[in-house]
Amino acid sequence: MLKPGSTIGILGGGQLGRMLAHAAQQLGFDICIFTDEDDSPAARVSAQTFVADYRDAQALAAFAKRVDVVTTEFENVPAETAQALIDAGALVRPSSQALAIAQDRFDEKSFFNAQGIATPRFAAIASQADLDTAIADMGAPAILKTRRLGYDGRGQIRIKTKADAQGAYAQLGAPGILEAFCPFEREVSIIAARGEDGAVAFYDLCENEHAGGILSRTVLPADVKDDVAARGRDAVKKVLDAFDYVGVLTIEFFVMPNGALVANEMAPRVHNSGHWTIEGALTSQFEQHIRAVAGWPLGPTTRVAGIEMLNLIGDDADTWPTLAADPEARLHLYGKRDARTGRKMGHVTKLKLR
Ligand code: AMP
């Protein structure tokens, strides 16, 4: 177990790093951020920050020396970054294998299927000819996504009819994956943590609504039957155990009209759909992740209220004076300097006490 006063290194300087830093501070840890961005939300609440390119081996070696364990707030950590940290003697949690698989949509879905977890039908696309073949096979509607570096609906092209596939590979501009469109009834996520000792703790299943590919609202309890949630937990446990995972991991699923769960993607980190756990669970996902990577026992995940979490995207955050005056709204602002369209600026959690 890392002693209080130890330093936890976080790759990435965004809001997830900022909220991890808050939780680490509560347990007496210092946070050191590594980011390629100046003036990041996480840096402003952390003891120290390295601002350098994620491929700067010298800076990574210095960071590795400064910290007692390294974790991440984003999955697109270049493979060289994780390797350079390991070479410099750092303990990296979760493992670089989990990070590598989660950053490639084709590898991720192949991995799910290998674990017996259902996904939409998919095919790797490396040329327009591949796309034509896959569309002929799978039919429309379908979604063409970049294999790597897509998030919040970016790097995606909807193929509503077969004709939309013409020229779509050039438009995507990168190796891709074609997924059959899933006519889901709702979207849910399961957030869980696995400790150093292999213990697993689950949060209640979250029901999520997206707008323009970005999470906009999370509600609990989710309107799904207990057996659906149980099957989701089984799938998450398989993934955690397969990676000998340490930390928080999230899987997003589509719930089909017949109750079947279809995995969309995983995030090897704390997740936007778990922000409610700050006020709504006995241990927040952020504290849980810090506990896990520090080798501490996991905390209880009991939910204490009905939940509605609303993301503040772009200029939604301009409503802060109204939200600040609303006794039902627990307001979180991430300290980002400019409210670009589609940027996550903050969130609000409303609790319905039982
Ligand atoms: P992603 O970035 O892959 O999580 O996609 C963002 C959102 O697009 C998801 O939360 C869904 O609302 C929608 N979406 C992605 N893939 C599919 C699919 N295969 N079928 C239906 N909707 C999808």
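Fair warning: this is a prediction, and the values are worked out from it, not measured in the lab. (Residues numbered from 1 in each chain as written. Predicted model: local features only at pLDDT ≥ 70, side-chain atom pairs only at ≥ 80, totals over all residues. Heavy atoms only, no water.)

Brief notes about the environment of Asn76
Structurally, the position occupied by Asn76 is in the loop between β4 (69-72) and α3 (79-87). A relative accessible area of 22% means that Asn76 is categorised as partly exposed. C-alpha separation for the pair Asn76 and Gln115, spaced 39 residues apart in sequence, amounts to 22 Å. (Helix = DSSP H or I, 4+ residues; strand = E, 2+ residues; numbered from the N terminus. Buried < 20%, exposed > 50% of the residue type's maximum accessible area, 1.4 Å probe, protein only.)

Brief notes about the domain arrangement of the protein
Accessible area lost upon the coming together of the parts serves often as the stated size of an interface. For the protein, the assigned domains are domain 1 (7-92), domain 2 (121-180) and domain 3 (186-353). Centre-to-centre, using C-alpha coordinates, domain 1 lies 34 Å away from domain 2. (Domains from an automatic or database assignment.)

Side note on the environment of Arg337
Mapping Arg337 onto the fold places it in the loop between β16 (329-333) and β17 (344-353). Measuring from C-alpha to C-alpha, the distance between Arg337 and Arg93 comes to 30 Å, with 244 residues separating the pair along the chain. Excluding residues within four positions of it along the chain, Arg337 makes contact with Asp39, Arg44 and Arg343. Only 2.7 Å separates the side chain of Arg337 from the side chain of Asp39, close enough to count as a polar contact. (Contact = heavy atoms within 4.5 Å. Polar contact = N/O pair within 3.5 Å; in protein donor to acceptor, adjacent residues only side chain to side chain.)

Describing the nonpolar core
In terms of nonpolar packing, the biggest core is built from 37 residues, with Ile8, Phe29, Ile31, Trp276, Phe286 and Ile290 touching the most fellow members. When contributions to this core are tallied by element, the ones reaching two or more residues are β1 (7-11), α1 (15-26), β2 (30-35), β9 (186-194), β12 (214-220), α10 (285-293) and β15 (305-313). Looking at this core, the element that brings in the most residues is α1, giving six residues. Composition of this core by domain shows at least three residues from each of domain 1 (7-92) and domain 3 (186-353). Setting aside residues no more than four positions away along its own chain, Ile31 makes contact with Thr7, Ile8, Ile10, Ala21, Ala24, Ser46, Ala47 and Gln48. In this structure, Phe111, Val236, Leu240 and Leu249 belong to the second largest nonpolar core, which totals 27 residues. (Core = buried A, V, L, I, M, F, W, Y, C linked by side-chain atoms within 4.5 Å.)

Remarks on the sheet that holds strand β6 (residues 142-146)
Sheet strands line up and pair through hydrogen bonds in the backbone, either parallel or antiparallel. The strand order across the open sheet built from four strands is β5-β8-β6-β7, with neighbouring strands paired in antiparallel fashion. On the outer flanks of this sheet lie β5 (122-125) and β7 (156-159), each paired with one strand and no other. Between one strand and the next, the sheet's axes are offset by a mean angle of 20°, whatever the strand orientation. In this sheet, strand β8 (residues 176-180) lies alongside β5 in antiparallel orientation, the contact comprising four bridges. Each residue of the ladder has a partner; that of Ala123, found in β8, is Leu178. Helix α5 (residues 105-114) contacts β5, β6, β7 and β8 of the sheet and is inclined by roughly 150° relative to β5. Relative to β5, helix α6 (residues 128-138) is tilted by about 165°, and along the sheet it contacts β5, β6, β7 and β8. (Pairing = 2+ DSSP bridges. Axes fitted to C-alpha atoms, helices over the stretch in contact; angles between N-to-C directions.)

Comments concerning the pattern of salt bridges
Taken as a whole and assessed by the stated rule, the structure comprises 26 salt bridges. As a salt-bridge pair, Asp104 and Arg147 come within 3.1 Å of each other at their nearest N and O atoms. With Asp104 in the loop between α4 (96-102) and α5 and Arg147 in the loop between β6 and β7, this pair connects stretches of sequence that are 43 residues apart. Linked through salt bridges whose partners overlap, the residues forming this network are Asp104, Asp107, Arg147 and Arg148. (Salt bridge = Lys/Arg side-chain N within 4 Å of Asp/Glu carboxyl O.)

Overview of the sheet that holds strand β3 (residues 48-51)
The sheet built from four strands is open, its strands ordered β3-β2-β1-β4 with parallel pairing. With partners counted over all chains shown, the strands left at the sheet margins are β3 and β4, one partner each. Neighbour to neighbour, the strand axes of the sheet diverge by 25° on average, direction disregarded. The sheet contact formed by β1 and β4 spans four bridges and is parallel. Paired with Gly9 across the two strands is Val70, which belongs to β4. Across the face of the sheet, α10 comes into contact with β1 and β4 while running at roughly 145° to β4.

What about the site of the ligand?
In the vicinity of the ligand there are 18 residues, among which Lys145, Gln156, Cys182, Glu187 and Glu265 approach most closely. Between the ligand and Ala180, the relevant distance is 3.1 Å, taken from a nitrogen atom to a main-chain nitrogen or oxygen of the residue. Within the side chain of Glu187, one N or O atom sits 2.6 Å away from an oxygen atom of the ligand. Within the complex, 96% of the 470 Å² of free accessible area of the ligand lies under protein. The set of elements that each furnish at least two residues to the shell around the ligand consists of β6, β7, β8 and β14 (261-267). (Near = heavy atom within 4 Å. Areas by Shrake-Rupley, 256 points an atom, 1.4 Å probe, with all protein chains shown as cover.)

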